[in-house]
Amino acid sequence: MQQSSPKSASLRAFKCRLMGHNFKVTQKVTNYVNEYKCTCCKKEVSDNSTGGLDTLTNRTREINQSLRDLFTRRRQHRLSNY
Ligand SMILES: [Zn+2]
């Protein structure tokens, strides 16, 4: 069974354009950066360095992954020092 046809997807996107997206955090990257997914149209975005939102692409995902690694490593390093 098809969960979502292209038609209903564009209908949801249209509703989001009218009403705004309903973003939920899907991934915490750092204290300041999160990844979000719209519960309505499934659009994925991420916080960027200027405080806005960027559409989540493979490139953004890669950057966030590196950020997350760096963030986790730094936190672990700090913990191991004390
Ligand atoms: Zn949406």
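Now for a look at the structure at hand. (Residues numbered from 1 in each chain as written. Predicted model: local features only at pLDDT ≥ 70, side-chain atom pairs only at ≥ 80, totals over all residues.)

**Digging into the overall build of the protein**
Point 1. Scanning the protein from terminus to terminus reveals two helices and four strands.
Point 2. Scanning the protein from its N terminus toward the C terminus, one meets helices and strands in the order α-β-β-β-β-α.
Point 3. Taking 12 Å as the expected radius of gyration for a compact globule of 82 residues, we find that the protein reaches 16 Å, considerably beyond that expectation.
Point 4. Dimensions of the protein, computed from the C-alpha atoms along their principal axes, are close to 55 × 30 × 20 Å.
Point 5. Within the protein, the proportion of its 82 residues that are buried is 4%.
Point 6. For the protein, the share of sequence-separated contacts (at least 6 apart) that also reach a separation of at least 24 residues comes to 24%. (Helix = DSSP H or I, 4+ residues; strand = E, 2+ residues; numbered from the N terminus. Rg over C-alpha atoms; globule rule 2.2 N^0.38 Å. Buried ≥ 20, exposed ≤ 12 C-beta atoms within 10 Å, placed from the backbone. Contact = placed C-beta atoms within 7 Å.)

**Details of the environment of Asp47**
Point 1. As for its position among the elements, Asp47 is in strand β3 (residues 44-47).
Point 2. Looking at Asp47, the number of C-beta atoms within 10 Å reads 17, which means it is partly exposed.
Point 3. Not counting chain neighbours up to four residues away, the residues in contact with Asp47 comprise Tyr32, Val33, Asn34 and Leu53.

**Regarding the environment of Lys24**
Point 1. With respect to the helices and strands, Lys24 occurs in strand β1 (residues 23-28).
Point 2. A C-alpha to C-alpha distance of 30 Å links Lys24 and Leu79, two positions 55 residues apart in sequence.
Point 3. If near-sequence neighbours (up to four positions away) are discounted, Lys24 is found in contact with Tyr36, Lys37 and Thr39.

**Some words on the pairing of β1**
Point 1. Burial analysis of β1 places just zero of its six residues in the buried class, which makes it a mostly uncovered element.
Point 2. Both β1 and strand β2 (residues 34-38) contribute to a ladder of five bridges, which runs antiparallel. Considered in β2, the bridge of Phe23 is made with Cys38.
Point 3. Hairpin remark: β1 followed by β2, antiparallel, with five residues in the connecting loop. (Pairing = 2+ DSSP bridges.)

**Focus on unusual backbone geometry**
Point 1. Even without a glycine there, the phi angle at Lys42 is positive, about 70 degrees.
Point 2. Within the element layout of this structure, Lys42 appears in the loop between β2 and β3.

**Side note on the sheet that holds strand β4 (residues 53-55)**
Point 1. Across the sheet, four strands lie side by side as β1-β2-β3-β4; this open sheet has antiparallel pairing. A single partner strand is all that each edge strand has here, and the edge strands are β1 and β4. The sheet shows a mean angle of 35 degrees between the axes of neighbouring strands, direction not considered. (Axes fitted to C-alpha atoms, helices over the stretch in contact; angles between N-to-C directions.)

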